[in-house]
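# Notes for the structure review
One letter stands for each residue in the lines below.
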Protein chains: 2
Amino acid sequence: MNHYDITILLLGLGVLLGVARIFGEIFKRMNQPAVIGEILAGVLLGPTVLGRIAPDAQAWLFPQAGNAAIALQGFTTIAITLFLLVAGLEVDISSVLRQGRASVLISVLGMVVPFGVGFAAAWFVPEWLGATDGAEPLPFSLFIGTALAISALPVIAKTLLDLKLYRSDFGMLIISVAVIDDIAGWMLFAVILGMIGKGAGAAFSVPTTIAATLAFAALMLTVGRWLLDRALPRLQAYTTWPGGVLGFTVAGGTICAAFTEWIGVHAIFGAFLFGVALGDSGHLRDKTRHTLENFISFIFAPVFFASIGLRVDFFSHFDPLLAGFVIVIASVGKLVGCGVAGRLAGMGTRESLALGVGMNARGAMEIILALLALSAGLIGEKTFVALVVMAIATSVVAGSLMEMLLQRKRTVRFFDFLAPAAFLPALGGEDRETALRELAAALAKSPGAPSAETVFSEVWKREQLVATGMGHGVAVPHARIPGLQAPLVAVGLARGGIDFEAPDGELATIIVMILTAKESTQMQLELLSDIGGTLQDHAVRTGVLRCKNYVELLASLKSAG
Amino acid sequence: MNHYDITILLLGLGVLLGVARIFGEIFKRMNQPAVIGEILAGVLLGPTVLGRIAPDAQAWLFPQAGNAAIALQGFTTIAITLFLLVAGLEVDISSVLRQGRASVLISVLGMVVPFGVGFAAAWFVPEWLGATDGAEPLPFSLFIGTALAISALPVIAKTLLDLKLYRSDFGMLIISVAVIDDIAGWMLFAVILGMIGKGAGAAFSVPTTIAATLAFAALMLTVGRWLLDRALPRLQAYTTWPGGVLGFTVAGGTICAAFTEWIGVHAIFGAFLFGVALGDSGHLRDKTRHTLENFISFIFAPVFFASIGLRVDFFSHFDPLLAGFVIVIASVGKLVGCGVAGRLAGMGTRESLALGVGMNARGAMEIILALLALSAGLIGEKTFVALVVMAIATSVVAGSLMEMLLQRKRTVRFFDFLAPAAFLPALGGEDRETALRELAAALAKSPGAPSAETVFSEVWKREQLVATGMGHGVAVPHARIPGLQAPLVAVGLARGGIDFEAPDGELATIIVMILTAKESTQMQLELLSDIGGTLQDHAVRTGVLRCKNYVELLASLKSAG
C-alpha cells in the first residue's frame, strides 16, 4: 500500500464511522435502533445518494477496486466477525435451558411457520421474490424460508430493556426463543451455503461441509463451553488483567471464524459460536464484556453496517411491490407462528401478539444474512434491497407495537425533562423559601410550564406538609399540577447547603424540583426513584456539584454508572 | 476477497494476535515490557524462524502478496494509527507546562546531544551505520540523529509506575521531558519524511509539507485542544454514552491521520496529535480512556508489533558490529546529554544518571520510526534490524538500572507470595487457634518455609500481643522470621466467621497469614497495606469468599479494581 492508498483507507474509514455514528445517534433519539441510522449513513455515502450527486468524489473516497478497497473490505470482514462474536456473548444458554418446554414450542412453531410460508412462496412464485434467472430453486427457497424464520436478538433485547421487561418471565421467555431461533437460523444458513458450494475456494464437498458444521456446533456448545469455562479463571489468574482475556477472546473468535470459513460456511458462524460458548461462562467478568461490547458495537459495527450501503444502489434496485410482498409474508408468518404457539403455551392474547410482534423484528441479523446471500450469488440486488427494507420496517414497528400491546411505558430519566434554562449552577438564597422561589422562576421558563408564582405556591404547599430532604445532600421538592402535558424538572446547586430537614441531618446541596401531571401518580414515583437511584452514588454527586452549566450537568448525569 | 482470502486473513490475524499475546505475557512475567515479546512473536512467525523451518507453511499463512496480504497490511496500518492515538491520550501537556524550565533544559540537552552524536556518526562514517549505497547523506544523517534523540514515553511511564515514582516530582519531571522529546522527535521525523518526498503519491512540495506539518501541529495544540475541550461535554450530554465519545475519538483520529498522510508525513503523526489534544481535556472520562486503551493496547498493538517481524529476516540482516555501534552511540548520547542537563538543573548524581538511563529506553517508538524509515527507503534492512535491537536492549536495561540507581523497590502484591498449597478454601476450625494451626500447616508447604510448628508459635505469639482482626471480616495474623528469604502468604476462608477481635466487632471470614523476614519491616508494612487496600472493597471480598480453589482466588484478586 502506498501513500495514496493509506490516505484513502484512513479517510474512508473515518468518514464512514463518523457519519454512521451521527445517523446512529439521530435514530436513537427517535427511539429507533441505531443500526438503521448506520445503514442509512452508508446509503447516503454510497452509489444511492452521494454517487448520484457527486459520482467522482464518491468513487475517489470509496473506490470499488485497488488496495484501499481491498483493505477496507478486509476491515469490514473483521468488523462483522467481531460483531457476531459480541452477539454470541449476549446469548445466555443456561437461561434458555431453564425456560424449558414453552420456549422450545414457541421457537419451533415461530420458525417453522414463517419458514414454511417463505419456502412455499419462493418455490411457487419465485419471480414475486425477485429470483434471478439462473437461481437454483431449492437453495433459493431454503434461503427465503430461513430469512423469514430468523429474529434479531439484539433488537428484541434492547426493546425489552427499554420496556423494563428484560428480567421478567415474559422477557426471559422471549429472549430464550430468540436465542434458539438465532442459533437454528445460522445453522440452517450454514447448511445452505454448504449446499451451493459458495463459489471459488470451497475446499470440501457439500455433505462434508454440512457434517463438519454440525459437528463443530455440537462440539463448541458442549466440550468447547466446558473447556472455556475452565480456561477463563486460569487466564485471569495467570495473565495481565484485562489484556489476557481480551486477547484470548479476539484471537479465539478469529481462529474459529477462519475455521468455519475454511470448512465452507461463513466466518461469522464460527465467531458467533465461540461467543456463545464463552459468554456462557460465569467466570467472564462484566468489565471484559463491556470493553468488548463498547469497542465493537460502537466502532466496528457502525463501519460494517455503513459499508453495506456502499455496495448496492438502493434506489435503482428498490421494487416497492417486491418489498411489500416480503414484508407481508414475513410478518404474517411470524405473527401466526408465534401467536398460535404463545396461545398453546398458555399465554394471553395480548402477550401472544406482543410475542409475535417482537419476534418479527429482523434487525441486523437479517441484513447480514442477506448480504452474505448476495455475495454468494444466492439472491440478486432486488431481493437484497427488499430484505433490507423488510428488516428495517419490522424492527422499527416492533418497539412501539409491543409497548402498545403490553401497555408498558419506556424507562424515564429525570434529566430528559430538564430544560437548559432550568439549571441553576449557583442558587443565591440560603434558606429553603428563597431557593424554591429561584427554582420555580427557572422552571417556569421551560416550554409548557405554569407561571413561576403557581409553581412556587404548589411546591411550597407540598413542602409544608413534609419536608423533601432525601438525605446525602439531595432534596426533591415536588408538586402535581392538573393538566400538565409533560413532566418538568429544575435543578439547583447550593454549595453552602440548605436545610431541607433530611432524615440524616445533612444540608441539601443538590435540589431537584419536579412537576408532574395531577393525573399520573406513577410518573412522579418513577422520577423520584430515578433521582434517588442516580444520586445515591457519592462520585456522581461530587461530579454534579462541579458542573458550571447545563451541558456539563447533562454530560455528568448521562455518563453516571 | 474470496472464500480463501477471508480464511487466510482471519487465521493469520488470530494466530498473530494469539502468539503475540502469549509472548507478551511471558515477557511481562520476567518484568520486561510486553512489546518485546510481541515483536519476538512476529520474528518467530516470520521469515526469520518459521520461514526457515517450514517455508511453505509460512508463505501460506502470511502471504507476501494478494488480497489477504493487502487486507492484513491495511489492518496493521489502522492498528498503528490507533495505537499512536492512545499514546497521544497518555500525554499530559498541562503537567509539562507546570514543570517549567528544568524539563525544557533537560529535554533540549537530552535531545541535542544524542542527535548531534548520531548525526555526526552518520555524516562521517555512514558505512558504520549500514547506509545503503544510494542513500542521500543529509536525510540519512538527520534520521539517525532523530532515531537516537527520541525516548519511549510508554516504557518510561510503565517503569516509573512500577517503581512507585510516577506521581513524584522526579517522575513528573521525567515524564514531561519524555513528552517534549516525543513531540519534537515526531515533528523532526515528519520534516525528514517531507524532505525525501516519501516516494510515490506525494501530493506536495517539500517546503509545503514542512509548513503544513508545523501549522497543523501548532493548530492542534492550541485551537484544536480548545475546541475538543468544548466539544467533549456536549458529546457526553447529547449522545449515547459511551458510544458517542468512542466513535468521535476514533473517527477524529483517523481523519487527522488521513490528513497528515495526505500532506506528506505519516498518518500516525496526525492520530498522535489528535490524541494529545483530546487527552488534555479534563472532560475525558476515565472510562472512555480505559475502553480505548484496553482494546487498542491489547488487540491492535500486539498485531502491529508482531507484524514487524513478518517483514524482515532478522537473522540474515543482523550485523553484531553495527548493532553494537548503534547501542553505544545511542546510550552515550542520552546518558551524557540527560546526565549533564540533570546536574545543571540541580539534581544529584544518582538522579541524573537514572534520568539518563530512563530516557535511554527507546521502546516501541523507535521501532515504529525505524519501520517507517525502512518503508520510505531511508535506511536498509541492516540498519533497521540494528535499530530494533538497540530499542529492545535499551528498554530491557532501563527498568532494572533505574531501580538500582534510585534504590527503589517494585510494587509488591501479597498474592505474588501465595503458593497454591497455601490457600484453604474452607477452614475447619471455628476458633482462632485451630484456624491458625491449619493455616500454619498450609503455609509450611510453601518452598523455603519454616516448619509448621515454628510458623504457628511465632504467629500465635504475635497474636497474643494484639489481635489481628482488621475489620470488614478480614484478619491478618503475621510474624517476622529471622533470615527468611522471601515473604510467604497463606489465605484461609472461614465462611462461618472466626473472632479475631476486630475493632468493628465483625467475625473474620478471610484470614491472610503473612511471614516476612525479621530484617525488613518495610515489606511487612507494604504487604499489610496491600491486603487492606485490596480487600476494603465489598465486591472483592464477596468474590474472594466465593472461590473454591487457588486459580479462582488468584483470578478474583487480580481482576479486582
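Rules used throughout
Residues numbered from 1 in each chain as written. Chains lettered and ligands numbered in written order. Predicted model: local features only at pLDDT ≥ 70, side-chain atom pairs only at ≥ 80, totals over all residues. Heavy atoms only, no water. Core = buried A, V, L, I, M, F, W, Y, C linked by side-chain atoms within 4.5 Å. Buried < 20%, exposed > 50% of the residue type's maximum accessible area, 1.4 Å probe, protein only. Contact = heavy atoms within 4.5 Å. Patch = residues over 30% accessible without salt bridge, like charges linked within 9 Å, V, L, I, M, F, W, Y side chains within 5 Å. Areas by Shrake-Rupley, 256 points an atom, 1.4 Å probe, with all protein chains shown as cover. Salt bridge = Lys/Arg side-chain N within 4 Å of Asp/Glu carboxyl O. Helix = DSSP H or I, 4+ residues; strand = E, 2+ residues; numbered from the N terminus. Least-squares fit on C-alpha atoms with pLDDT ≥ 70 in both. Expected span 1.5 Å × (residues − 1). Arc of directions from axis to C-beta. Polar contact = N/O pair within 3.5 Å; in protein donor to acceptor, adjacent residues only side chain to side chain. Buried area = accessible area lost by both parts, 1.4 Å probe. Phe/Tyr/Trp six-rings, centres within 6.5 Å; stacked < 30°, edge-to-face > 60°. Axes fitted to C-alpha atoms, helices over the stretch in contact; angles between N-to-C directions. Parallel < 35°, antiparallel > 145°, perpendicular 65-115°, else oblique. Nonpolar A, V, L, I, M, F, W, Y, C, P; charged D, E, K, R; others polar. Pairing = 2+ DSSP bridges.

This paragraph deals with the nonpolar core. Core analysis: the biggest nonpolar cluster contains 294 residues, and Phe-143, Trp-186 and Phe-384 of chain A together with Phe-143, Trp-186 and Phe-384 of chain B have the highest contact counts within it. Filtering out sequence-adjacent residues up to four positions away, Phe-384 of chain A remains in contact with Ile-308, Val-312, Phe-314, Ile-367, Ala-370, Leu-371, Leu-374 and Ile-379 of chain A. With 55 residues, the next largest nonpolar core counts Phe-415, Leu-439, Leu-484 and Tyr-550 of chain B among its residues.

On the surface, Leu-105, Val-328, Val-332, Val-336, Val-340 and Leu-344 of chain A cluster together to form a nonpolar patch covering roughly 490 Å² of accessible area. Per-element tally for the nonpolar patch: the top contributor is helix 15 (residues 320-344) of chain A, with 5 residues.

Turning next to the relation of the copies chain B and chain A. For these two chains of identical sequence, chain B goes onto chain A by a turn of 180 degrees and a shift of 0.0 Å along the axis, with RMSD 0.1 Å. Within this description, the copies of the chain are treated as partners about a two-fold rotation axis. No C-alpha of chain B lies nearer the rotation axis than that of Ala-71 of chain B, which sits 2.1 Å from it. Comparing interface residues between copies, 99% of those in chain B also sit at the interface in chain A, which points to an isologous, same-surface contact.

A separate point is helix 19 (residues 432-443) of chain A. All names here are of chain A. The end-to-end C-alpha separation of helix 19 is 16 Å, in line with the 16 Å expected for 12 residues at 1.5 Å each. Turning to helix 19, its buried residues are Arg-432, Ala-435, Leu-436, Leu-439, Ala-440, Ala-442 and Leu-443. One face of helix 19 carries all of its buried residues, which in axial projection span an arc of 160 degrees. Buried-residue contacts for helix 19 involve strand 1 (418-424), helix 20 (452-465), strand 5 (488-498) and strand 6 (508-517).

So, about the environment of Leu-160 of chain B. Residue and element names in this part refer to chain B. When you line up the elements, Leu-160 lands in helix 9 (residues 153-162). C-alpha separation for the pair Leu-160 and Ala-34, spaced 126 residues apart in sequence, amounts to 16 Å. Not counting residues within four places of it along the chain, the set of residues in contact with Leu-160 comprises Leu-165, Tyr-166, Gly-171, Ile-174, Ile-175 and Met-402.

Now for the side chain of Asp-313 of chain A. Residues and elements named next belong to chain A. Following the sequence through the fold, Asp-313 ends up in the loop between helix 14 (286-311) and helix 15. A distance of 3.2 Å separates polar atoms of two side chains, one belonging to Asp-313 and the other to Arg-52. Here Ser-316 takes part through its backbone nitrogen, which lies 3.3 Å from a polar atom of the side chain of Asp-313.

A separate point is the interface of chain B and chain A. At the interface, 74 residues of chain B touch 73 residues of chain A. Three residues, His-3, Leu-10 and Phe-295 of chain B, lead the burial of chain B against chain A; their summed loss comes to 11% of the area buried on that side. Our enumeration of links across chain B and chain A arrives at 0 salt bridges. Where chain B meets chain A, there are 12 residue pairs in polar contact (both at pLDDT 80 or more). If you list the elements that add at least two residues to the side of chain B that touches chain A, you get helix 1 (3-29), helix 5 (67-90), helix 11 (206-238), helix 12 (243-263), helix 14 (286-311) and helix 23 (550-558) of chain B. With 15 residues, the top contributor of residues to the side of chain B that touches chain A is helix 1 of chain B.

Glancing now at the packing of aromatic side chains. As enumerated under the stated definition, the model contains 33 aromatic pairs over all chains in all. Ring geometry for Phe-259 of chain B and Trp-262 of chain B: centres 6.0 Å apart, planes at 50 degrees, overall tilted. Here the residue Phe-259 of chain B and the residue Trp-262 of chain B both occupy positions in helix 12, the gap between them amounting to 3 residues, near one helical turn. Note on Trp-262 of chain B: relative accessible area 41%, which makes it partly exposed. Measuring from ring centre to ring centre gives 5.1 Å for Phe-304 of chain B and Phe-305 of chain B, while their planes differ by 70 degrees; the resulting arrangement is edge-to-face. On the basis of relative accessibility, which here comes to 5%, the residue Phe-304 of chain B falls in the buried class. When its relative accessible area of 2% is taken as the criterion, Phe-305 of chain B is described as buried. Three or more aromatic residues joined by ring pairs form one cluster here, namely Phe-75, Phe-295 and Phe-300 of chain A together with Phe-75, Phe-295 and Phe-300 of chain B.

Looking now at the environment of Gly-324 of chain B. Inspection of the secondary structure puts Gly-324 of chain B in helix 15 (residues 320-344). Along the sequence, Gly-324 of chain B and Met-390 of chain B sit 66 residues apart, while their C-alpha atoms lie 8.1 Å from each other.

Residues and elements named next belong to chain B. Across the interface, helix 9 lies against helix 10 (residues 169-196) with an axial gap of 10 Å and an inter-helix angle of 170 degrees. In terms of orientation, helix 9 lies roughly antiparallel with respect to helix 10. Here helix 9 contributes Leu-153, Ile-156, Ala-157 and Leu-160 to the contact with helix 10, which in turn contributes Gly-171, Ile-174, Ile-175, Ala-178, Val-179 and Asp-182. A class-by-class count of the residues in the contact of helix 9 with helix 10 yields 8 nonpolar, 1 polar and 1 charged.

This part takes up the pairing of strand 1 (residues 418-424) of chain B. All names here are of chain B. In terms of burial, strand 1 is largely enclosed, as 5 of its 7 residues are buried. Pairing of strand 1 with strand 5 (residues 488-498) involves 3 bridges; the strand directions are parallel. Paired with Phe-423 across the strands is Val-491, a residue of strand 5.

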